[in-house]
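An overview of the molecular structure
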Amino acid sequence: MSEISRRAALRGATGLAGLAALGGLASCSRPTGTAVGPANDAVAAAEAARRNPGGRLVTARLTPQPVTLDLGGRTVNTWAYGDTAPGPLLRLDAGDVLRVDVDNQLPAATSVHWHGLALRNDMDGVPGLTQDPIAAGEKFRYEFTAPDPGTYFYHPHSGVQLDRGLYGVLVVDDPDEPGRYDAEWIVVLDDWVDGTGRTPDEVLAELQAGGHDPMGDMQDMEGMDHGSMGGMEAMQSPLLGGAGDISYPHYLINGRSPTDPGTLSAKPGERVRVRFVNAGSDTAFRVAVGGHRMTVTHSDGFPVVPVPTDALLIGMGERFDVTVTLAEGVFPLVASAEGKQGQGLAVIRTAAGRPPSPDVKLQELSGQVLLGTALSAAESVRLDQRPTDRNHDLVLGGHMAPYRWTINGRTFPDTDPLQLTQGERVRLRFVNHTMMFHPMHVHGHTFALTKNGARKDTAIVRPMTTLDVDLDANNPGQWATHCHNIYHAETGMMTTLSYRTGG
Ligand SMILES: [Cu+2]
């Protein structure tokens, strides 16, 4: 059965009541007991426990729709939330309830996933698993408590829609935040192809057709002044090995290309908190600020032991908060596409002066480069010490021809759900058997790296390496667990953490 018809079958077979059937798709390692589906009482009970009686109700509207965007020197037809990409900033305090009315004006079904939040399962936005897709022209109301402060984002969990302009930032503020900074900037990174001659769906079809050099016809496209010639071997990084499958014509910061970058303004001497979000689909970014060092304070929303660095590597789906104390002048903020040709640019301005050129080269990018997996948890967010109740291996496999990515040898939804029981301490071992990095993302939980405790929901697993993470099974439901390379996830590299009872 084709991927599409399997998915159609899944959707047909599983209304929200039919979730128990999901486990029946697995032919080995069949889970036991009954799946705790999104409509289960345990999901409502977990939500009631996290609700803050003094919390506010914060409301918003999102309208996914076709739109024409100016990326800075180039106009594209794409899909976005409203008429900008990134979409509207959503902001609330921890413990508040967020209610978002989605009005789907796209010519396709969609969904909204609240990336990184440990929210109620029935609001997680994964069609076929936690809800039915929001059909074209239909509406859906999301409503949930935001439990933990931090930098998050929202995007569709439908096909490769994320690789269009459908993304936006969600900031959950800490009412007790010491606020040791003078200003705050949000910096969203993205790799862009939509409206430049191919849609993301066409890119996916080309990858699946195989034998196509994804860089080949980029030669004819505007904005390709990098002279990129050659095949897949070009997309290699000393830090990541295989760095991606797609060479994009544009790399954006806050929706702008380097030919007409956005400006971030402050006063000399001010300490700025920068919230980085990588909304890219196939690109890790190496970020730095010219003439400055950054101090990393948070990873995926959660505080870490602060670390100064020249540059920071951000995988797809990862978020980092850093602080920078600004000198006087004009400085480039560069997001270099790791292992690829091209970069995103924003201009930091604390005084008058000439802007940097679009292809400015930063020496900080070849200085000390920090990865999220090297960070340590702040004491306040360390998991307590306790024995592991359950272990799961997730062996990451796949290849380019045919284009297919797997967990434990299977493609979603034809997978073996990873069973767990509420209250357990669970260890996940990601074993990467490929020559490419995979930013692995777990929904509904913020795991802890066993090496140093850093709390994350998305972590880079480098080629031919193993990464162990622990999580507390305290959020019942069915949770997607997948690579945040959206082309890998869409062609199979996804499974579920499946809470079960009576097993
Ligand atoms: Cu991957």
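One can find the structure itself at the top, above this paragraph.
Bear in mind the structure is a predicted one, so any value in this text is a computation, not a measurement.

Before going further, it helps to examine the sheet that holds strand β24 (residues 369–370). Sheet architecture is open: six strands sit in the order β15-β23-β22-β17-β20-β24, paired in mixed fashion. If you trace the sheet from one side to the other, it starts and ends with β15 (263–265) and β24, each paired once. In this sheet, strand β20 (residues 311–314) lies alongside strand β17 (residues 285–289) in antiparallel orientation, the contact comprising three bridges. Following the sheet pairing, Val 287 is matched in β20 by Leu 312.

Of the consecutive residues Ala 85 and Pro 86, the connecting peptide bond is found in the cis state with omega at 0 degrees. Not every positive phi belongs to a glycine, and Asn 254 is a case in point at roughly 50 degrees. Here Met 464, not a glycine, exhibits a phi torsion of approximately 55 degrees, which is positive. Topologically, Met 464 is positioned in the loop between β32 (458–461) and β33 (466–472).

Val 43, Ala 46, Glu 47 and Arg 50 are the residues of helix α3 (residues 41–50) that are buried. Looking down the long axis of α3, one finds its buried residues gathered within 100 degrees of arc, a one-sided arrangement. Exposed and facing more than 90 degrees away from the buried side of α3 are Asp 41, Ala 48 and Ala 49. Lining the buried residues of α3 we find β8 (139–145). Looking at where α3 begins, the residue whose side-chain oxygen comes 2.8 Å from the main-chain nitrogen of Ala 42 is Asn 40.

Structurally, Arg 91 can be placed in strand β5 (residues 90–93). Residue Arg 91 is classed as partly exposed on the basis of its relative accessible area of 31%. For the pair Arg 91 and Tyr 152, spaced 61 residues apart in sequence, the C-alpha to C-alpha distance is 9.9 Å. At a separation of 2.8 Å, a polar atom in the side chain of Arg 91 contacts the side chain of Asp 173. Within the structure, Arg 91 has its side chain in polar contact with the side chain of Glu 184 (distance 2.8 Å).

Take the coordination of the copper ion next. Distances from the copper ion to its protein donors, His 438 (ND1), Cys 483 (SG) and His 488 (ND1), fall within 2.0 to 2.1 Å. The sequence pattern describing where the donors of the copper ion fall on their chain is H-x44-C-x4-H.

So, on to helix α4 (residues 200–209). Of the positions making up α4, those classed as buried are Pro 200, Val 203, Leu 204, Glu 206 and Leu 207. The buried residues of α4 occupy an angular sector of 160 degrees when projected down its axis, which confines them to one face. The inward-facing, buried residues of α4 contact α5 (486–490). Gly 210 lies just past α4 and shows a positive phi near 70 degrees.

Here we come to the pattern of salt bridges. Under the definition given, this model contains 33 salt bridges. Arg 275 is the partner of Glu 184 in a salt bridge, and the nearest nitrogen-oxygen pair spans 2.8 Å. Pair noted here: Glu 184 is in strand β11 (residues 183–192) and Arg 275 is in strand β16 (residues 271–278), with a separation of 91 residues, a long-range link. Under the relative-accessibility criterion, Glu 184 is labelled partly exposed at 24%. A relative accessible area of 2% means that Arg 275 is categorised as buried. Its salt-bridge partner being Arg 390, residue Glu 424 comes within 2.8 Å of it at the nearest N-O pair.

What counts, and where the lines are drawn
- Residues numbered from 1 in each chain as written.
- Predicted model: local features only at pLDDT ≥ 70, side-chain atom pairs only at ≥ 80, totals over all residues.
- Heavy atoms only, no water.
- Pairing = 2+ DSSP bridges.
- Helix = DSSP H or I, 4+ residues; strand = E, 2+ residues; numbered from the N terminus.
- Buried < 20%, exposed > 50% of the residue type's maximum accessible area, 1.4 Å probe, protein only.
- Arc of directions from axis to C-beta.
- Contact = heavy atoms within 4.5 Å.
- Polar contact = N/O pair within 3.5 Å; in protein donor to acceptor, adjacent residues only side chain to side chain.
- Donors = N, O, S within 2.8 Å, 3.2 Å for Na, K, Ca; no water.
- Salt bridge = Lys/Arg side-chain N within 4 Å of Asp/Glu carboxyl O.

Coordinates in, geometry out; function isn't part of it.
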